[in-house]
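# Geometric and topological summary
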There are 4 protein chains.
Amino acid sequence: LTTHILLIDCADRKGLVHHITGVLLRHDANITSNHEFVDHAAAHFFMRTEFTGEVDRGRVLDELRELLPAQARARFGPAGKRRIVVLATREHHCLGELLLRHSFGELNATIEAVVSNHATLGPLVGRFGVPFHAIEAGELSRADHEQAVIEQIEAYQPEYVVLAKYMRVLTPAFVARYRDRIINIHHSFLPAFVGANPYRQAFERGVKIIGATAHYVTDELDEGPIIAQSIIPVDHTQSAAAMMQAGRDVEKTVLARALRLVFEERVFLNGNRTVIFE
Amino acid sequence: LTTHILLIDCADRKGLVHHITGVLLRHDANITSNHEFVDHAAAHFFMRTEFTGEVDRGRVLDELRELLPAQARARFGPAGKRRIVVLATREHHCLGELLLRHSFGELNATIEAVVSNHATLGPLVGRFGVPFHAIEAGELSRADHEQAVIEQIEAYQPEYVVLAKYMRVLTPAFVARYRDRIINIHHSFLPAFVGANPYRQAFERGVKIIGATAHYVTDELDEGPIIAQSIIPVDHTQSAAAMMQAGRDVEKTVLARALRLVFEERVFLNGNRTVIFE
Amino acid sequence: LTTHILLIDCADRKGLVHHITGVLLRHDANITSNHEFVDHAAAHFFMRTEFTGEVDRGRVLDELRELLPAQARARFGPAGKRRIVVLATREHHCLGELLLRHSFGELNATIEAVVSNHATLGPLVGRFGVPFHAIEAGELSRADHEQAVIEQIEAYQPEYVVLAKYMRVLTPAFVARYRDRIINIHHSFLPAFVGANPYRQAFERGVKIIGATAHYVTDELDEGPIIAQSIIPVDHTQSAAAMMQAGRDVEKTVLARALRLVFEERVFLNGNRTVIFE
Amino acid sequence: LTTHILLIDCADRKGLVHHITGVLLRHDANITSNHEFVDHAAAHFFMRTEFTGEVDRGRVLDELRELLPAQARARFGPAGKRRIVVLATREHHCLGELLLRHSFGELNATIEAVVSNHATLGPLVGRFGVPFHAIEAGELSRADHEQAVIEQIEAYQPEYVVLAKYMRVLTPAFVARYRDRIINIHHSFLPAFVGANPYRQAFERGVKIIGATAHYVTDELDEGPIIAQSIIPVDHTQSAAAMMQAGRDVEKTVLARALRLVFEERVFLNGNRTVIFE
């Protein structure tokens, strides 16, 4: 029995669910899970349907497009695991978590390679038999370094690029090339801190909570659509270093959770927000 | 614009969503929120649909029943707020939370009266202008006391009976009379403790977490379908009394959350489980 | 048996705990709970000691001051409950929580009065028999309105002023008058939002977490030392209004928790941070 | 500068803190962190002191023992990392987390070896260059198999034995041999479930929370003193298998946290409870 994940988003109008499920019924599909959401302010409709059946996906999409509003997006989630390249710098916590889950088939993705601007994490990646490419910035200009990184990424033709604590700023060209396909994790605080050394700032501010946010990357640094967030409590006995360690534990958990949601096709982009069907 | 909440559960079969939404479309309903879930093991289908439109509810139900499987349940969530009677004993925390929310219209329910087996909470209830009936057990047999409580409840014809730390055991007859309409809150521990004074036992066992569970009441004491659970961390510095106070804070939050879910018609019973559409 | 809470903070140096406990031992005090913390970066020492015994507090303090470094602060937590005045505007959630806890003696404080810039909350406060003073701004200048508020507060000589969603900006003069004695609750987001209507901004940004921060008030608006923080998860199905309601639930819990910590003398100020002995 | 961790527990009596810190002061120790707790019901005193200084540990202990009550326990936390052996069966999640943290020096312990009753996890352990010993039960009696496991453990002379989802029941002899030195992780539920396949039972009961408990192992199966607990929310859409996966995520986090507490000498046993100084 083949399982299919059908993903639709379009302008909202009456009868969408009825007409969409009508197409599926004619193709003798057996719906096993169905989620819809309407963003009323934007008058936009989102739907994720899992079904089993031996359907001709092309014909299903053709019939759907005939009845959906103009500009509707309808697609099937790709079969098999997502191909991803992970970018990292020196911190191992997020990368290690992904490599472990990957090695036991828990990520719904294949880590094709890890690319880093430092050699530090090579041994860790090597333990898991995943290709590792250190591209140090050295004398290179930002543009030239990034170009070298892109060329390495392109060798693997990934569907997603995951930033697992990659500490380089990406250019708009990079972001545009992998539009809606770059996922980042970063620390988050209440209140937020701008500038260098945020854990030091958080410590000096005496925060009682350290958070992490996983999000799509857009041109606005750390401002793309949020996929997952979580926090961990801290207190006055913890140094800035201890807060950073606590932050790492929550970062790796949040990133793994966000990737699971994305790779299971549970996340829709909705402007600068997300719609998540769990 | 009238809003309707349509609730359906029935044996699962192909085409249900299509056919149900077809009925709504013919009645010119505008679906604003739609949730479905299929329990595959039980082959059972659950659906909650909010829509706007000027429909004849009776005719919608008639048409639905024609196309749904036998034994299907289809109903509209009642208009307006739920009528409830709250039972309590001596502890004020859950009752106070409900009275406060009620007084500001945040409960989607009208507290018709509070009935207690003690007079203790009378002054609290009086502050909010809600009728209070103390029915002390005194010399009464269990059956006679419960009968007096039932008569008082019946004077208000409530849709739900909420046990806000009511410390009397209910008879099967009571449970049967308000089948699927009694909601209870009780403390929960990891591990669980049987017998008297569970907070003392939890303290002596050195638990690090105190929890609370809101559930429907069935004949199995504290074993009915779970609606909501939450926990609060505790540590070795807290006495059994302090753990009990921490437990109260989580109990009142969990009960309020469970009632919101039930009174917004977001909870389906599924055997001894619940399906919750948030 | 009289219980005392001794609070000391001073420059750190060797032997402090030994010398302090020596004084207590000579006075035949029986220490029941003892917390110390050293901020190594600031070389500052904090200590909270609960003990029982019939001591002459003045003599204990005199002896301590002789052996402590210059500028040391040593004091006993006041006997009995704290006298507080609560300021509020139109939102009832935090105020209601405080009134309920107060009415059952759970706050370690006496709410002497509630002062508001609106009449809205009068009926709620009235239910609990607490004096309520509405001082509407009307045609008054900011300074004149605040002066009227201060005069009303002063009539009660409170030890603390609690801002339970008081929506007026305080002048530096007000803050200086009640230095280290004003506690505020405000919403918090990851990321933070500046400007009007933060819940609307949080909604538009698609945050997955809503938080609240209780803090001492300093001249830096919403930037004083943090006492307690917590969060609640939200998702795309929640409107800005629903997020605001979720935020209220966490605000009231965090404020109550912060007040408990402060009124039990568990909070030390440490520059713009707090040291909290739970 | 040498850092020392001094750990004392003894019958409570007046003056303990004063006398203990007096010894340290005479040895010119500089206390950097100090925690005390008195279990009043048991009249028992616990103290953990970190200090720097070039002291003769033997002489400090001798002087302390002279002034402490009979049967007092006073010891220094051992220098360096703890030597541990990890026992596992087939599940990789806890073991992988420990191996990762270990490989980056984050565990305050050296994993000397992993011993398993199955060969399954050999490749994972091999990635990290840690010795792996599969001792399959096969035709062996329970006693003979355990004896073989003990012999393998003994080859490494570990200070602690960590059960990272080791699915064999230990005999009282095993527990006695490593008394207070075996740490286990197991799933926990609200309510608790007895017997086979607890995740299936939890699923069928419709729990909304899955928990994990790390504890010392005593003869009472899964009933030893609790070190750490945490939970993760689940809902009706999750199958028993999905709940088990959620449980694994919380188990690995709780076990890592418990080990950090134990290996940093932050945990005292107090009868069947723990005192934890964070």
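The rules behind the values
- Residues numbered from 1 in each chain as written.
- Chains lettered and ligands numbered in written order.
- Predicted model: local features only at pLDDT ≥ 70, side-chain atom pairs only at ≥ 80, totals over all residues.
- Heavy atoms only, no water.
- Helix = DSSP H or I, 4+ residues; strand = E, 2+ residues; numbered from the N terminus.
- Buried < 20%, exposed > 50% of the residue type's maximum accessible area, 1.4 Å probe, protein only.
- Contact = heavy atoms within 4.5 Å.
- pLDDT = per-residue confidence, 0-100.
- Least-squares fit on C-alpha atoms with pLDDT ≥ 70 in both.
- Buried area = accessible area lost by both parts, 1.4 Å probe.
- Salt bridge = Lys/Arg side-chain N within 4 Å of Asp/Glu carboxyl O.
- Polar contact = N/O pair within 3.5 Å; in protein donor to acceptor, adjacent residues only side chain to side chain.
- Pairing = 2+ DSSP bridges.
- Axes fitted to C-alpha atoms, helices over the stretch in contact; angles between N-to-C directions.

Moving on, we come to the overall build of chain A. A count of helical and extended segments in chain A gives 8 helices and 13 strands. Based on the C-alpha atoms only, the size of chain A along its principal axes is roughly 60 × 40 × 35 Å. Considering chain A as a whole, with its 278 residues, one finds that 58% of them fall into the buried category. Sequence separation of 24 or more characterises 64% of the internal contacts of chain A that already satisfy a separation of 6 or more.

Turning our eyes to something else, we now look at the confidence of the model for chain A. Close inspection of predicted coordinates is inappropriate in any region flagged by low pLDDT. Counting all residues, the mean pLDDT for chain A is 94, and 97% of those residues have values of 70 or more. Overall fold confidence (pTM) sits at 0.95, and the ipTM for the predicted complex is 0.92.

With that settled, consider the relation of the copies chain D and chain C. Between chain D and chain C, which share one sequence, the superposing operator has a rotation angle of 180° and an axial displacement of 0.0 Å; the RMSD is 0.0 Å. A rotation of that kind, with that shift, is consistent with a two-fold axis. Taking the C-alpha atom as reference, chain D places H18(D) closest to the rotation axis, 2.4 Å from it. When the interface residues of chain D are mapped onto chain C, 100% of them again fall at the interface, so both copies present the same face.

What follows concerns the relation of the copies chain A and chain C. Overlaying chain A on chain C yields an RMSD of 0.0 Å, the required transformation being a rotation through 180° with an accompanying axial translation of 0.0 Å. Here 100% of the contact residues of chain A are again contact residues in chain C; the copies associate through an equivalent surface.

Interface size is often expressed as the accessible area that is lost when the parts come together. Contacts between chain A and chain C engage 31 residues on the former and 31 residues on the latter. Taken over both partners, the interface formed by chain A and chain C buries close to 2600 Å², and the fraction arising from carbon and sulfur atoms is 59%. Where chain A touches chain C, the interface holds 0 salt bridges. Along the contact surface separating chain A from chain C lie 10 residue pairs in polar contact (both at pLDDT 80 or more).

This next bit is on the sheet that holds strand β6 (residues 109–116) of chain A. Residue and element names in this part refer to chain A. The 7 strands lie next to each other as β7-β6-β5-β8-β9-β10-β11, forming an open sheet whose pairing is mixed. Two strands close off the open sheet at either side, each with one partner strand: β7 (132–134) and β11 (226–233). Strand after strand, the sheet turns through a mean of 20° between neighbouring axes, direction not considered. Of the strands in this sheet, β5 (82–88), β6, β7 and β8 (160–163) are in contact with helix α5 (residues 142–154), which crosses β5 at around 150°. Most of the contacts of helix α7 (residues 198–205) go to strand β9 (residues 182–189), to which it runs at about 25°, and overall it touches β9 and β10 (209–216).

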